[in-house]
Amino acid sequence: MTDYLTPSTHDSVNELAHPLTEKLLEISHLRTYFFTEAGVVKALDGMSLEVNKGQAVGLVGESGSGKSVTAQSVLRIVPRPGRIVDGSIKFEGEDLLSKSDDDMRKLRGPKMAIVFQDPTTSLNPVFTVERQLTDILMLHRDLTKEAASKRALSLLEHVGIQEPEKRLKAYPHELSGGMKQRIAIARALSCEPVLLFADEPTTNLDVTIQAQVLELLKQLQKELNMTMVMITHDMGIIADMTERVTVLYAGKVMEVADTPTLFRSPKHPYTEALLKAVPSVKQTRALEVIPGNIPNLIEPPSGCVFNPRCKYAKDICMKQEPPLEKAEEGHYVACHFWRELKLEGRAG
Amino acid sequence: MQTTADEGRPILEVSSLVEYFDVVERGIFRKKKVGDVHAVDNVSFHISGGETLGLVGESGCGKTTAGKVILYLEKPTSGSVFFEGMNVVETFENGSQTDRKLLRRRMQMVFQNPYNSLDPRMTVYDIISEAFVVHRNIPKSQWTDRVYELLRMVNLEEYHAERYPHEFSGGQRQRIAIARALAVDPKFVILDEPVSSLDVSIRAQILNLLIDLQRSKRLSYLYISHDLSSVRQISQRVAVMYLGEIVELARAEEIFDKPLHPYTQALISAVPVPDVDHKTTRIILPGEVPSPINPPQACRFHPRCPHATDICRQMAPKFEDKLIEGHFVACHHADKFV
Amino acid sequence: MFSETINAAHNDLYVGLAATLITTLIGVAVGALAGYFKGAVSDVLLGLIQMFFVIPVLLLILLFARVFSVLVFKGLGLTLIVLILAFFGWSSIAFIVRGETFRLKEMEFVQAARSLGAGSYRLLFRHIVPNILSPVIVIATLNIAGFILTEVVVSFLGFGDPNTSTWGLLLNEGFPYVRTSWWVSLFPGLAVVFCVLGFNLMGDGLSDALNPRLRE
């Protein structure tokens, strides 16, 4: 990646950008809550994230971690009964939370886009492929129908779809999962956004098709010099596709680091546990179990949200929430004992 | 993975199993058969006592159908299944009720979707004790004790018995499903994608539980999954399916470290490895996963195979272990990869 | 007038409840069998359901009332209506039950019970039927209201039993005087409205009450 810039040139998550590092996205202490009948679900509870231009960044977590809600919050498409209640989101230096709906709509597509997990539901079943793409092109780029159709065709070629002329006239249900996802990617990229969120884009696909789509995303990211946030629960995808990764758990950030560092020397017990619980195709080793369950987001545990399942937990962990602190250049941890703990990573 | 299998005495023997489904066009009064779905096409393998055979493949390869046919939840088109010497198909079609019930106790299944595999209107107690109701092999006075014992076995609490499925998380529901399968004291359990819909941190719990139970009760497993990483974790031997056929069958280490069939090679290379030092050299297969309706002639993989030659298009390869003993593969060019 | 309306109530309710009970029983039985078994049985039953579905029940009742006017005048009019309603009105329930049975049959918890050795009887009555109760109850309560309405129409048109007091009959009697003594029609009319509304709401509530998911 030609524009790879090391994030270690700035000290704190909220510091002003060094002139060489262009911060594209800056999320700070974001709280997004869902106000349901059963109670207030704290989907994101004080989450911070920084993405530099041209980076491939990973957001990893299990269900309930808040990773999808993060993308929804940035694009301000959080579904009801959810609402952003606190924090700030800055994109290209501008505050997104103060923008009007109209302004946000102008950003969605040309500036930022999401590829969703399930292409069956993210594509409109009553529109042809052509219509899915030309609609957006005509809206944002002010193209005529013919020009938009031409562009749609070239987009399909770009994402590696065979016989694109035929596919343009097809309806989503006539296509396979892999093809639908390629079209979803084409749609997301149609207005050449600077920032792309990929929310579990391959989870519903077969293994060999998953490989195709991941390769495609990698290639496109390089070609278009796009900033990509890869949202996933799969540590394998993180290892392969990202340079920098943020670990989320129950709506809070546990650890942020460069991908190699996170794998080799994690500093948070959850990260360590996650790495140990994941089986690998390349070797058979004993899996270490993380006891317990994902916490209830309506009444999360007090203190450190991971404490009930943490094997290193002490008294203070149940009382006080650990702040996200800097452990090294570019490596941040939210744990009371990161200095003392000697954790194991996955060495090659 | 240390094996506790009985060498040379298979507990399950599947031979030339075939399952075709009719593809039918409906008219107003008539139905016309227009083709076959070759769901399972001439599948053979065996499993020893205490062993796990992993069955892997992508969607449409027939692995779930194979599992259902082995348990006679679907009637096979042809072929045989022998369990502990008993002919399963014969027993279910012509055998006595006693024999049929015996098979249902010795062979069990844990299903894929924990949100659908438990009757939402039954309590956990009812779900687990259904086995006793159907088989009447335990006096009613002992039921509660036995249910509690089973719950403990899967690391759940006694008070969970009063609750309904929707009150539990995915991982817990899967434990209930496992307890239900164990209630009849089986010798062989088919596990159909048991951890695929669970979170990463819960998967390890369930996998470890299954491995522990296998050791303590000498169970045999058929572990069906598309998640190769978990297959490696639990299986001693692995069979790879493509379009209804087994294309490779060998010990787990051999399949994962030195696969001989191009499809297996592509499949394994496609799985993202949670290791930063691992260089991903993905073999990308062109095209889509094909449909099992009217599959390609000769070698079914040839349209997507990077090594296909003329003979692959003309003649179906034999499934044999000529190159390495115990390592079966169906490919004309397997010798290239040894 | 008020007291007459109350008096007539039990007859209307009789029609509604009796017809609903019978149609539900038949409908569930036929629908479950049609949905559970494959092949010829299912096709034949489906054909049957579809045939009965399209028969215009109201017209039939009117027809029978004419033809069997003897019975009508003997005071068996209501029972006649109930029987015809029951005989022809079960198809809507059967249709829904068939669809649901079809869907549930393939669900994994049914497959699991099969793999445990449960027989068809147990699968149908312990697993499938309890899970289709919700939509069935809703339709059944709507049916009560619907059947009562049918009776009202029949009696209003004059085909009903003039010896048995029902709301329809009251409306029929009050019709010629609507301009002057409109209140004669008001009471039975309101009764019908409240009755229908009441049963609909009851259906809603019952469906919720039977849902174990809400039993927290």
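Residues numbered from 1 in each chain as written. Chains lettered and ligands numbered in written order. Predicted model: local features only at pLDDT ≥ 70, side-chain atom pairs only at ≥ 80, totals over all residues.

Focus on the overall build of chain C
Stated formally: Runs of E in the DSSP output that reach at least two residues are strands. Runs of H or I that reach at least four are helices, and both are numbered from the N terminus. As a rule, residues whose C-beta atom has 12 or fewer other C-beta atoms within 10 Å are exposed, those with 20 or more are buried, and those in between are partly exposed; C-beta atoms are placed from the backbone. Think of it this way: build a C-beta for each residue from its backbone, and any pair within 7 Å is a contact.
For chain C, the helix and strand inventory stands at nine helices and zero strands. Helices and strands in chain C line up, N terminus first, as α-α-α-α-α-α-α-α-α. Each principal axis of the C-alpha atoms in chain C carries an extent, and together these give about 70 × 45 × 25 Å. Looking at chain C as a whole, 41% of its 216 residues qualify as buried. For chain C, restricting intrachain contacts to residue pairs at least 6 apart in sequence, the fraction spanning at least 24 positions comes to 76%.

Overview of the pairing of strand S11 (residues 320–324) of chain B
All names here are of chain B. Note the threshold: Think of it this way: DSSP has to see at least two bridges between two strands before they count as a pair.
Burial analysis of S11 places just zero of its five residues in the buried class, which makes it a mostly uncovered element. Summarising the sheet, S11 and strand S12 (residues 327–329) pair through two bridges and their orientation is antiparallel. Bridge pairing in S12 links Ile 324 to His 327.

Describing the interface of chain A and chain B
Just so we agree on the cut-off: Gly is placed with the polar residues, together with every amino acid not listed as nonpolar (Ala, Val, Leu, Ile, Met, Phe, Trp, Tyr, Cys and Pro) or charged (Asp, Glu, Lys and Arg).
In this complex, chain A contributes 40 residues to the contact, which on the side of chain B involves 37 residues. Considering each element in turn, the side of chain A that touches chain B owes the most residues, seven residues, to helix H8 (residues 207–224) of chain A. In the side of chain A that touches chain B, the residues fall into 18 nonpolar, 13 polar and nine charged.

Structural notes on the arrangement of the chains
Once contacts are tallied for each of the two pairs of chains in contact, the highest total is for chains A and B. For the non-touching pair chain A and chain C, the nearest C-alpha separation works out to 12 Å.

Overview of the packing of helix H4 (residues 129–141) of chain A against helix H7 (residues 177–189) of chain A
The angle between the axes and the distance between the axes are what describe a pair of packed helices. Residues and elements named next belong to chain A. What counts, and what does not: Here the axes come from fitting lines to C-alpha atoms, over the contacting stretch only for helices, and the angles between their N-to-C directions go from 0 to 180 degrees. With respect to orientation, any angle under 35 degrees is reported as roughly parallel, any angle over 145 as roughly antiparallel, any angle of 65 to 115 as roughly perpendicular, and every other angle as oblique. Crossing handedness is defined as follows: a turn of the near helix away from the far one that is anticlockwise and smaller than a right angle gives a left-handed crossing, while the clockwise case is right-handed.
Between H4 and H7, the least distance of the axes is 9 Å, while the angle of their chain directions is 15°. By the criterion of interaxial angle, the relationship of H4 to H7 is roughly parallel. Crossing of H4 over H7 shows right-handed handedness. Between H4 and H7, the residues in contact are Val 129, Gln 132, Leu 133 and Ile 136 and Ile 183, Ala 186 and Arg 187, respectively. Residue composition of the contact of H4 with H7, by class: five nonpolar, one polar and one charged.

Structural notes on the environment of Gly 178 of chain A
Along the chain, Gly 178 of chain A turns up in helix H7. Look at Gly 178 of chain A and you get buried, because 24 C-beta atoms sit within 10 Å. With residues up to four places along the chain from it excluded, the contact list for Gly 178 of chain A reads Leu 205, Ile 209, Gln 212 and Val 213 of chain A together with Glu 288 of chain B.

Here's the deal with the sheet that holds strand S2 (residues 39–52) of chain A
Residues and elements named next belong to chain A. Spatially, four strands are ordered S2-S1-S4-S5 in an open sheet, and the strand pairing comes out antiparallel. Looking at strand neighbours, the two that pair on one side only are S2 and strand S5 (94–95), the edges of this open sheet. Relative to S2, strand S1 (residues 23–36) is paired through 11 bridges, and the arrangement is antiparallel. Directly across from Glu 26, in S2, lies its bridge partner Glu 50. Strand contacts of helix H1 (residues 67–74): S1, S2 and strand S4 (82–91), with the helix running at about 70° to S2, the strand carrying the most contacts.

Quick notes on H1 of chain A
Residue and element names in this part refer to chain A. Counted residue by residue, H1 has eight buried out of eight residues, so it is predominantly covered. Among all positions of H1, only Lys 67, Ser 68, Val 69, Thr 70, Ala 71, Gln 72, Ser 73 and Val 74 are buried. At the C-terminal side of H1, Arg 76 shows a positive phi close to 55°.

A few points about the interface of chain C and chain B
Facing the 16 residues of chain C at the interface are 22 residues of chain B. Contributions of two or more residues to the side of chain C that touches chain B are made by helix H6 (108–115) and helix H7 (120–156) of chain C. Here the element with the most residues in the side of chain C that touches chain B is H6 of chain C; it accounts for seven residues. Residues belonging to the side of chain C that touches chain B are distributed by class as follows: eight nonpolar, five polar and three charged.

Quick word on the confidence of the model for chain C
For clarity, the cut-off: How sure the predictor is of each residue is captured by pLDDT, a score from 0 to 100.
For chain C, mean pLDDT is 79; residues scoring 70 or higher make up 90% of the total. At the level of chain-chain contacts, confidence expressed as ipTM amounts to 0.83, with global pTM at 0.84.

Notes on the sheet that holds strand S5 (residues 86–87) of chain B
As a general point, the strands of a sheet are linked pairwise by backbone hydrogen bonds and lie either parallel or antiparallel. All names here are of chain B. What the four strands build is an open sheet, ordered S2-S1-S4-S5; its pairing is antiparallel. Each having just a single partner strand, strand S2 (31–48) and S5 make up the two edges of the open sheet. In this structure, strand S1 (residues 10–26) lies alongside strand S4 (residues 78–83), joined through five bridges in antiparallel fashion. Across the sheet, Val 14 pairs through a bridge with Val 81, a residue of S4.

Comments concerning the confidence of the model for chain B
For chain B, per-residue confidence averages 89 on the pLDDT scale, and residues scoring 70 or more make up 96% of the total. Within the model, pLDDT remains below 50 along residues 1–5 of chain B, and this stretch shows 13 contacts once partners closer than five positions in the same chain are excluded.

Overview of helix H11 (residues 269–277) of chain A
Helical geometry: 3.6 residues make up each α-helical turn, so side chains three or four residues apart lie on a common side. The element H11 of chain A is largely enclosed, with a buried count of nine among its nine residues. Here H11 of chain A has its buried residues at Pro 269, Tyr 270, Thr 271, Glu 272, Ala 273, Leu 274, Leu 275, Lys 276 and Ala 277 of chain A. Buried positions along H11 of chain A lie against helix H9 (235–241), strand S9 (244–249), strand S10 (252–258) and helix H10 (259–264) of chain A together with helix H7 (200–217) of chain B.

Overview of the pairing of strand S9 (residues 237–242) of chain B
Residue and element names in this part refer to chain B. Counting buried positions along S9 yields six of six residues, so the element is predominantly enclosed. Side-chain alternation along S9 places Arg 237, Ala 239 and Met 241 on one buried face and Val 238, Val 240 and Tyr 242 on a second face that is also buried. Across four bridges, the pairing between strand S3 (residues 52–56) and S9 is parallel. The residue bridging Gly 54 from the neighbouring strand is Val 238, located in S9. Here S9 folds back onto strand S10 (residues 245–251), and the loop between the two strands holds two residues, one of which, Leu 243, carries a positive phi near 50°.

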